[in-house]
Amino acid sequence: LSSALSLEQRQSLQRKLVHYTLQTCRQMDGELEIWTYPFSDSWLEDTANASSATLHDQLGDDLGERMLNALNHATTTGHAAILMGTDCPDISRDMLEETSTLLSCSPASVVFIPAIDGGFALIAAASPLPANTFKDVAWGEGLALNQTLKNLRELHRPYSLLAPLADIDRPEDLCLLPPHLRP
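Summary of the structure given here. Keep in mind that this is a model prediction, so the values were computed, not measured.

**A look at the overall build of the protein**
At step 1: Scanning the protein from N- to C-terminus turns up five helices and six strands.
At step 2: Starting at the N terminus, the α and β elements of the protein follow one another as α-β-α-β-α-β-α-β-β-α-β.
At step 3: In terms of overall dimensions, the protein is globule-like: its C-alpha atoms have a radius of gyration of 16 Å, near the 16 Å expected for 183 residues.
At step 4: Considered along the principal axes of its C-alpha atoms, the protein spans approximately 45 × 35 × 30 Å.
At step 5: Within the protein, counting contacts between residues at least 6 apart in sequence, those at least 24 apart form 58% of the total.
At step 6: A total of about 9800 Å² of accessible surface is found on the protein, and carbon and sulfur atoms cover 50% of it.
At step 7: Taking the 12 positively charged and 24 negatively charged side chains of the protein as two groups, their mean positions are separated by 3 Å.

Below, the structure is given as structure tokens:
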């Protein structure tokens, strides 16, 4: 988005998306965690405290490793985990509830909300994911979902797909933002 927005506009948009995502998540029961990479923003710390969320540093060399560590942090303690970015404001409480229901019915499964660009806007699991869940995934190239699903099939891990949504990754995606979130 740097080619379309100034640094100030990008920061403003990020803050709006974080607040909006936290509002959606607070409608659900459960612990709220914010995982960030790298962590060095006092605004985010204040936002986490105001939301009764715990703040964690993402650990890992790539996006897949960081997501795997965050998901397995929750699932190894016996809790289901729903991981989503802040760049998909169309994720609703109903979708989060549907995700939770699917995990309750099939605790070994993984649930995704695909992104229309070939990635995914949400991934959820009720039990730890194997280390090679995201093996050889090309992040940001429109293949992330298909490559992850291939890995899950090879691991004999069931999965469910909800309806795809748009995420906000590129300048041409900005028009998809609801008016109250636009920079």
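**Observations regarding the pattern of salt bridges**
At step 1: Scanning the entire structure with this criterion turns up four salt bridges.
At step 2: Glu97 is paired through a salt bridge with Arg93; the nearest N and O atoms lie 2.5 Å apart. Taken as a pair, Glu97 and Arg93 lie in helix H4 (residues 93–105) at a separation of four residues, close to a single helical turn.
At step 3: Residue Arg93 is classed as partly exposed on the basis of its relative accessible area, which comes to 36%.
At step 4: For Asp173, the salt bridge goes to Arg170, with nearest N and O atoms at 3.5 Å.
At step 5: By relative accessible area, Asp173 is classed as buried at 6%.

The rules behind each value
- Residues numbered from 1 in each chain as written.
- Predicted model: local features only at pLDDT ≥ 70, side-chain atom pairs only at ≥ 80, totals over all residues.
- Heavy atoms only, no water.
- Helix = DSSP H or I, 4+ residues; strand = E, 2+ residues; numbered from the N terminus.
- Rg over C-alpha atoms; globule rule 2.2 N^0.38 Å.
- Contact = heavy atoms within 4.5 Å.
- Areas by Shrake-Rupley, 256 points an atom, 1.4 Å probe, with all protein chains shown as cover.
- Lys, Arg positive; Asp, Glu negative; His and termini not counted.
- Charge placed at Lys NZ, Arg CZ, Asp CG, Glu CD.
- Salt bridge = Lys/Arg side-chain N within 4 Å of Asp/Glu carboxyl O.
- Buried < 20%, exposed > 50% of the residue type's maximum accessible area, 1.4 Å probe, protein only.

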